[in-house]
Amino acid sequence: MDDLTTTQGIVALAGAGVAVVALLWAIVLAVKLHRMRAAQRTVMGEGQADLVAHAAQIQEAFVQLRDWVEETAERLEERMATAEARIDGCVAHTSLVRYDAMGELSGQQSSSMALLDSHRTGVVVSSILHRDQARVYVKQVREGESELELSPEEREAIDAAMASPV
């Protein structure tokens, strides 16, 4: 025991202390390394050992995914443009005007109906009813105008149709 109080003994004790601290530090690092490798296996799977190769595979997968998303977006834009063009040609504005065509007090049995698309193109259908007869007239409308003369009620139906919200 007397040897521990000498310079060599103190140096030996200090060396042993440093060795114990180094051993504990090595054990802590080994546990952390084990946990990190377990986490790495969870992320990369059992077959992967190289983190850089795994990151490169993930990058390539993201590039492929981005390309697929861009192609899909382009196809959707094309389909949307086609659908919008078709919708513009559909009946978007309608109105109905009822009136007495023959000046009788018959309860407004005559009517004019406008069916127009977003370009103000379509038809106006007029049904003129009288006690003895009924007549139906159809006039084509292009951009709000007809080649045939429109009655005031037909003009009113076209104007009301274009004033209505889509």
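Located above this text is the structure these notes cover.
Fair warning: this is a prediction, and the values are worked out from it, not measured in the lab.

Student: Mind showing me how you'd approach the nonpolar core here?
Tutor: Most often, soluble globular proteins have nonpolar side chains that are buried together. Counting 11 residues, the largest nonpolar core consists of Val97, Tyr99, Ala114, Leu116, Val124, Ile128, Val141, Leu150, Ala157, Ile158 and Ala161. Looking at this core, the elements with two or more residues in it are strand 1 (93-99), strand 2 (110-116), strand 3 (122-129) and helix 3 (152-163). Among the elements that take part in this core, helix 3 stands out by supplying 3 residues, more than any other. When sequence neighbours within four positions are dropped, the list of residues in contact with Ala157 reads Ser95, Val97, Ser112 and Ala114.

Student: Please clarify how the pairing of strand 3 should be interpreted in this entry.
Tutor: Moving residue by residue along a regular strand, the side chains alternate between the two faces of the sheet. In terms of strand pairing, strand 2 meets strand 3 through 6 bridges, oriented antiparallel. In the strand pairing of strand 3, Ser111 is matched with Ser127. What sits between the antiparallel neighbours strand 2 and strand 3 is a turn of 5 residues, in which Arg120 has the positive phi angle 60°. Both strand 3 and strand 4 (residues 134-142) contribute to a ladder of 8 bridges, which runs antiparallel. Across the sheet, Val124 pairs through a bridge with Lys139, a residue of strand 4.

Student: Just to check I follow, could you spell out unusual backbone geometry for this structure?
Tutor: Negative phi values dominate among residues other than glycine, just as trans dominates among peptide bonds. You will see that Arg120, though not glycine, has its phi angle at about 60°, which is positive. Residue position: Arg120 is located in the loop between strand 2 and strand 3. Despite not being glycine, Glu143 shows a phi value in the positive range, around 50°. Tracing the sequence through the fold places Glu143 in the loop between strand 4 and strand 5 (145-146).

Student: Explanation requested: the sheet that holds strand 2 in the structure shown.
Tutor: The pairing of strands in a sheet happens through backbone hydrogen bonds and is either parallel or antiparallel. The antiparallel open sheet is built from 5 strands, whose spatial order is 1-2-3-4-5. With one partner strand each, in any of the chains shown, strand 1 and strand 5 form the two edges of the open sheet. As paired elements, strand 4 and strand 5 share 2 bridges and run antiparallel to each other. The partner of Arg142 across the bridge, within strand 5, is Glu145. Against the sheet, helix 3 touches strand 1, strand 2, strand 3, strand 4 and strand 5, its axis set at about 145° to strand 1.

The rules behind these values
- Residues numbered from 1 in each chain as written.
- Predicted model: local features only at pLDDT ≥ 70, side-chain atom pairs only at ≥ 80, totals over all residues.
- Heavy atoms only, no water.
- Core = buried A, V, L, I, M, F, W, Y, C linked by side-chain atoms within 4.5 Å.
- Buried < 20%, exposed > 50% of the residue type's maximum accessible area, 1.4 Å probe, protein only.
- Helix = DSSP H or I, 4+ residues; strand = E, 2+ residues; numbered from the N terminus.
- Contact = heavy atoms within 4.5 Å.
- Pairing = 2+ DSSP bridges.
- Axes fitted to C-alpha atoms, helices over the stretch in contact; angles between N-to-C directions.

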